[in-house]
Each structure stands twice: as C-alpha cells, then as structure tokens.
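So you can see what is in the structure, the chains are spelled out below.
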Amino acid sequence: MTDRKATLSVGGKTIDLPMYSGTAGPDVIDVRALVQEGVFTYDPGFVSTAACESKITYIDGAKGVLLHRGYPIEQLAEHSDYLEVCYLLLHGELPTPEQSEQFHVTVKNHTMIHDQMRNFFHGFRRDAHPMAIMCGVVGALSAFYHDQMDVTSVKQREITAHRLVAKMPTIAAWCYKYSVGQPFIYPRNDLSYPENFLQMMFGTPCEEYKPNPILAKAMDKIFILHADHEQNASTSTVRLAGSSGANPFACIASGIAALWGPAHGGANEAVLDMLAEIGDEENIEKYVAKAKDKDDPFRLMGFGHRVYKNFDPRARVMRDTCNEVLAELGIEDDPLLRIAQRLEKIALEDDYFIERKLYPNVDFYSGIILKAIGIPTSMFTVIFALSRTVGWFAHWDEMSSGSYRIGRPRQLYTGPTARDFPEHLK
Ligand code: SDX
C-alpha cells in the first residue's frame, strides 16, 4: 500500500481519495468514502473496478501474461500436473515431492460421491444439458456436508477443497454417462486424476478401460489451463455469493451457473458450433463480415477478452497441445481445425480485430482437442467447470479466511420517482 492520493472535484468540492499499489498491475483508487459525499462510482461490467485484493492470480492483458502465485502458466503447463497446480492455488506455494504425493493420495480418497446422490441425476430428463445437471448436483453437495461446514474452521475449509477437487471429475463424468444412458463408472485408485476422468467418461462395465497416456496428458493440460483466471465473471459470482457466508458448495454451484453463458465458459461449446456452422473455408469471409457487422449479433466465438489485448497465453499452449493430440490420433486433416487455423489467420490480419485487439482466447482451440478426444460438445463447459472449481474455491477461501463485508453494489436509478397509488385503481 502507498500513501499516494487521487484528488476529485465533485460539485466544486475537492475530495482526496487514497491510492494503493499492488506488487504488479495498475494502482487502485479507494472510492469507499464517496458514499459520504452523496455520489457513487459508475462502472457497469466492472471494466475499471477492482472488487477485492488477491494474491492468487495475476494477468497482464497487454503483454499476454498469466501468473498463478507468480508462476507463468506456460511453465506450470510444462512442468506441473493439475493437482500440483491445485495445491499451488490453494496453499500459495508449489508442493514438495512429499506434499505432492500426499495431496494426490488425499484427493484419490475423496473421489466417490454419496451413493444417495445418484437419485439427483435420475431426477433430470435424459436430454438435460450436462451443465444443468452439474449445477444441480454440485449445489446438492451442500445438503450432504452441511453439518461439517464451519466456514471459520481452517480444517473444514481444507477438507471441502479436497472433496470438491476430488469429486468434480466423478460428477462431470456421471453427467455424461446419464445423458447417454450408460451405467455410472466408479473412480479407480490405480489411475491418475486425468486417466480416472477419462475412464469414468468412456469406460463400461463390459471391459477394462485402458487410458491413452497422450490423451490423459492433454486432458491434464486442459485442466491446468482452465484452473483459475483472477476475478472473471464466475469467480466474482462465487466471491459475491460467499460474502453472505453461504455454504461453499452452493457458492461453487453459483460459479457453475455464471460460467455456463456463451460469453464466458460456454464459449468453447459455442466455438465448435460456430466452426460447424461455417462448415467450409470458403464461408469464412462471410462469417468474418457478420462478426464485424454492428447490426448482426454474430460474434467470432473464442475471440476477444475483457483483459487480454494480446494473445491469451493459454491459447498458445492449447494450440500446441491441439497439434500434438491430432498428430497422436492421426487426425492430420481435421476440417474444423483447418477452418479454425484459417479463421485465426484472417481475423488476425483484419483491421476490425486488430483495432479492437481481439485475439484467440483459451476457448478457441480447447474445443477442437476435446472433440478429438471424443468428448461431446455439450460436455465442454462441464470440463471447464471441473477445472475452474479449484480457482473458485481458492478465491472463496482467500475471502473467507480474511476480513470481508457482504458485497452490495449500488446503482444509477433512472426509474419513476415517488408517485401515489391511482384513485381509480383503489
Ligand atoms: C472466457 O474474464 C475471464 O477471465 C474469462 C475467461 C476465464 O478464464 O475465466 O478467460 C474465460 O470467458 C474467455 C472469453 C470467452 N468468450 C468468447 O470467446 C465469446 C466471444 N467474445 C466476446 O463475447 C467478448 O470478446 C468478450 C465477452 C470475451 C469480452 O467482451 P467485452 O470485454 O465486454 O468487450 P466488448 O463486448 O465491449 O467488445 C469490444 C468491441 C465491441 O465492438 P465496438 O462496440 O467497439 O465496435 O469488440 C467487439 C465488440 O463488438 N468484439 C467482437 C468480439 N469480441 C468483442 N466482435 C466480434 N467478435 C468477437 N468475438
């Protein structure tokens, strides 16, 4: 924190507001005192608003930098696995080999869900969107651990983190199994975290499932790349829900709901739908023109970002992983990948996208990898939610373990002023 200040003139009165500097990124102006001056700040979409102080993730949008507890995402994707990144996000430091081993064992011992939760799945129509099922089932977890959720207890917050990280793959895979009418496959303790997810997704009771190590590694990298991303819409939703002291499982369910939108985590599903709609490289110009047309609601899904005004560093890693997976699977000539690569090239050379600094984001390539692995489009955002659960919890935990107030934004009111109930309607 520094002792610098910003000076504001409101209605002829000069107001000094404290300013603070972090360890990186823009300084902030503390505007909390403005309410005493009878004015609010106005920032729909929170473009220029820092809603909290955090030590978890830092993004430099201009440089395309993403750090988790100071470590660049590219290095974590190369040298860590997802559970080690979970440990880092939750505890602030990378685990020692012993801590990593212990964390992997702990997570393995929490992968099953209460058998009564099977009933929640059967309450949904078979054609329910898996995100609808996941939202409901994760919220329902709050009914199974409610008596062990003292948010002021460090121990209980820690076991909740373990339960969520461990159970999300089981819940995600069961959302898929339910939608295709196949039996739920239980987790196996002899497999790694990503291998276990793939076997619960694609295994059947009829034969032993042998995970492909390249696909498991790609899955783990996708988990790492989606683990956390500062104060995005879904993380801010989890923080706001948590600020009332709500049950953490219910708060995570609110994050799943916010992530579902196509402007956020639903974009990976929307990218595949868009590539399929474009259908052929000869249609690309037409769709780029639609994306630029103010009167056309069509947007290039997987492009643009509120913070990144450069390449999303996750998109670069995702693109390399995409090429590895397709080569491993012998899918050298994937038509959707061809359209995606051509679309990226055309968009990056077009003034409309250059002026607005619209680059491919994390969702642009992830869907192509997931499709190549055999995961249906409707499951893409479910996998994003699985990965992001640790980030949501880390932010909830950071807030819950500190001093916080309930989040309660104000507004610019432009509705009717006070008026009496009409005589003729009394
Ligand atoms: C994620 O916040 C996070 O960190 C999110 C995330 C995470 O890890 O949590 O990174 C995950 O959500 C990635 C983003 C996935 N969404 C998409 O790919 C959907 C397509 N993108 C857009 O909807 C948009 O770019 C957003 C939502 C991502 C960002 O929206 P902003 O910051 O509110 O930007 P904007 O809508 O104000 O756009 C600025 C301009 C506008 O044109 P002008 O009014 O200036 O003329 O750029 C245009 C927009 O029309 N624009 C696009 C575009 N994105 C923005 N035009 C065409 N295609 C696009 N994709």
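Every value quoted in this text rests on a predicted model; they were computed, and no experiment measured them.

(A) Up close: the sheet that holds strand E5 (residues 65–68). Reading across from one edge, E4-E5-E6 is the order of the three strands in this open sheet, with antiparallel pairing throughout. A single partner strand is all that each edge strand has here, and the edge strands are strand E4 (57–60) and strand E6 (71–72). In terms of strand pairing, E4 meets E5 through four bridges, oriented antiparallel. Its bridge partner lying in E5, threonine 57 is registered against histidine 68.

(B) Fine view of the packing of helix H2 (residues 82–91) against helix H17 (residues 380–400). At a minimum axis separation of 9 Å, H2 and H17 run at an interaxial angle of 15°. Overall, the two elements H2 and H17 adopt an arrangement that is roughly parallel. Once H2 is placed against H17, the crossing between them reads as right-handed. Where H2 approaches H17, its residues Tyr82, Cys86, Leu89 and Leu90 are matched on the opposing element by Leu386, Ser387, Val390, Phe393 and Ala394. The class makeup of the residues in the contact of H2 with H17 is eight nonpolar, one polar and no charged.

(C) Fine view of the pairing of E5. Only one face of E5 is buried, namely the one carrying Leu66 and His68, since none of Val65 and Leu67 on the opposite face is buried. The sheet contact formed by E5 and E6 spans two bridges and is antiparallel. Counterpart to histidine 68 in the pairing with E6 is tyrosine 71. Joining the antiparallel neighbours E5 and E6 is a turn of two residues, in which arginine 69 adopts a positive phi near 50°.

(D) Structural view of the sheet that holds strand E3 (residues 28–29). In spatial order, the strands read E1-E2-E3; together these three strands make up an open sheet with antiparallel pairing. Either end of the sheet is taken by a strand with one partner, and the two such strands are strand E1 (5–10) and E3. Across two bridges, the pairing between strand E2 (residues 13–20) and E3 is antiparallel. Pairing of methionine 19 across the sheet is with isoleucine 29, part of E3.

(E) How the structure looks around the side chain of arginine 239. With respect to the helices, strands and loops of the structure, arginine 239 is situated in helix H9 (residues 233–242). A distance of 2.5 Å separates a polar atom in the side chain of arginine 239 from a polar atom in the side chain of glutamate 398. With residues up to four places along the chain from it excluded, the contact list for arginine 239 reads Cys52, Glu53, Ser54, Gln231, His395, Glu398 and Met399.

(F) Summary view of the packing of aromatic side chains. Throughout the structure, instances matching the rule amount to 19 aromatic pairs. Seen in terms of ring centroids, tyrosine 82 and phenylalanine 223 are 5.4 Å apart; in terms of plane orientation they differ by 55°. Their pairing is tilted. One end of the pair, tyrosine 82, is in helix H2; the other, phenylalanine 223, is in helix H8 (residues 213–225), and 141 residues separate them in sequence. You'll find tyrosine 82 and phenylalanine 223 in the same group, each marked buried. Considering the side-chain rings of tryptophan 174 and tyrosine 186, the 5.4 Å spacing of their centres and the 90° angle between planes classify their relative orientation as edge-to-face. Here tryptophan 174, found in helix H6 (residues 154–180), pairs with tyrosine 186, found in the loop between H6 and helix H7 (193–202); they are 12 residues apart in sequence, far enough to count as distant.

(G) Just the environment of arginine 163, in detail. Note on placement: arginine 163 falls in helix H6. Classification of arginine 163 by relative accessible area gives buried; the value is 10%. Sequence separation between arginine 163 and isoleucine 331 is 168 residues, and the spatial gap between their C-alpha atoms is 37 Å. When residues no more than four places from it in sequence are discounted, the contact partners of arginine 163 are His110, Tyr145 and Gln148.

(H) Looking closely at the environment of aspartate 60. Residue placement: aspartate 60 occurs in strand E4. Spatially, the C-alpha atoms of aspartate 60 and proline 18 are 24 Å apart, while their sequence positions differ by 42 residues. Excluding residues that lie within four positions of it along the chain, aspartate 60 makes contacts with Val65 and Tyr308. For aspartate 60, the side chain forms a polar contact with the main-chain nitrogen of lysine 63, separated by 3.0 Å.

(I) Representation of helix H16 (residues 362–373) within the structure. Counted at 1.5 Å a residue, the expected span for H16 with its 12 residues is 16 Å, and the 17 Å between its end C-alpha atoms agrees. With 11 of 12 residues buried, H16 is to be regarded as a mostly interior element. Listing the buried residues of H16 in full gives Val362, Asp363, Phe364, Tyr365, Ser366, Gly367, Ile368, Ile369, Leu370, Ala372 and Ile373. Buried residues belonging to H16 abut H7, H8, helix H11 (267–278), helix H13 (313–328), helix H14 (335–348) and H17. The backbone nitrogen of aspartate 363 lies 2.9 Å from a side-chain oxygen of the residue at the head of H16, namely asparagine 361. Note on H16: the residue one or two positions beyond its end, glycine 374, has a positive phi of about 105°.

(J) Spatial organisation of the nonpolar core. Residues Phe121, Met134, Phe197, Met219 and Ile375 are the most contacted members of the largest nonpolar core, which totals 116 residues. Apart from residues lying up to four places away in sequence, phenylalanine 197 is in contact with Pro169, Ala172, Ala173, Met219, Phe223, Ile375, Ile383 and Leu386.

(K) Highlighting the site of the ligand. Near the ligand, the surroundings consist of 24 residues, among which His229, His305, Arg306, Arg314 and Arg388 are the closest. Contact distances for the ligand include 3.0 Å between an oxygen atom and a side-chain N or O atom of arginine 299. Take arginine 314: an N or O atom from its side chain is 2.7 Å from an oxygen atom of the ligand. Here the ligand has 1,100 Å² of accessible area as a free molecule, and 77% of this is covered by the chains.

(L) Highlighting the packing of H11 against H14. Relative to each other, H11 and H14 sit at 95°, their axes nearing to 10 Å. With respect to H14, the element H11 is oriented roughly perpendicular. Contacts between H11 and H14 pair Leu272, Met274, Leu275, Ala276 and Ile278 from the former with Leu336, Ile339, Ala340 and Leu343 from the latter. In terms of residue class, the contact of H11 with H14 is built from nine nonpolar, no polar and no charged.

Quick notes on the rules
Residues numbered from 1 in each chain as written. Predicted model: local features only at pLDDT ≥ 70, side-chain atom pairs only at ≥ 80, totals over all residues. Heavy atoms only, no water. Pairing = 2+ DSSP bridges. Helix = DSSP H or I, 4+ residues; strand = E, 2+ residues; numbered from the N terminus. Axes fitted to C-alpha atoms, helices over the stretch in contact; angles between N-to-C directions. Parallel < 35°, antiparallel > 145°, perpendicular 65-115°, else oblique. Left-handed = near helix turned anticlockwise from the far one by under 90°. Contact = heavy atoms within 4.5 Å. Nonpolar A, V, L, I, M, F, W, Y, C, P; charged D, E, K, R; others polar. Buried < 20%, exposed > 50% of the residue type's maximum accessible area, 1.4 Å probe, protein only. Polar contact = N/O pair within 3.5 Å; in protein donor to acceptor, adjacent residues only side chain to side chain. Phe/Tyr/Trp six-rings, centres within 6.5 Å; stacked < 30°, edge-to-face > 60°. Expected span 1.5 Å × (residues − 1). Core = buried A, V, L, I, M, F, W, Y, C linked by side-chain atoms within 4.5 Å. Near = heavy atom within 4 Å. Areas by Shrake-Rupley, 256 points an atom, 1.4 Å probe, with all protein chains shown as cover.

Bear in mind that shape data such as this cannot, by itself, settle questions of function.
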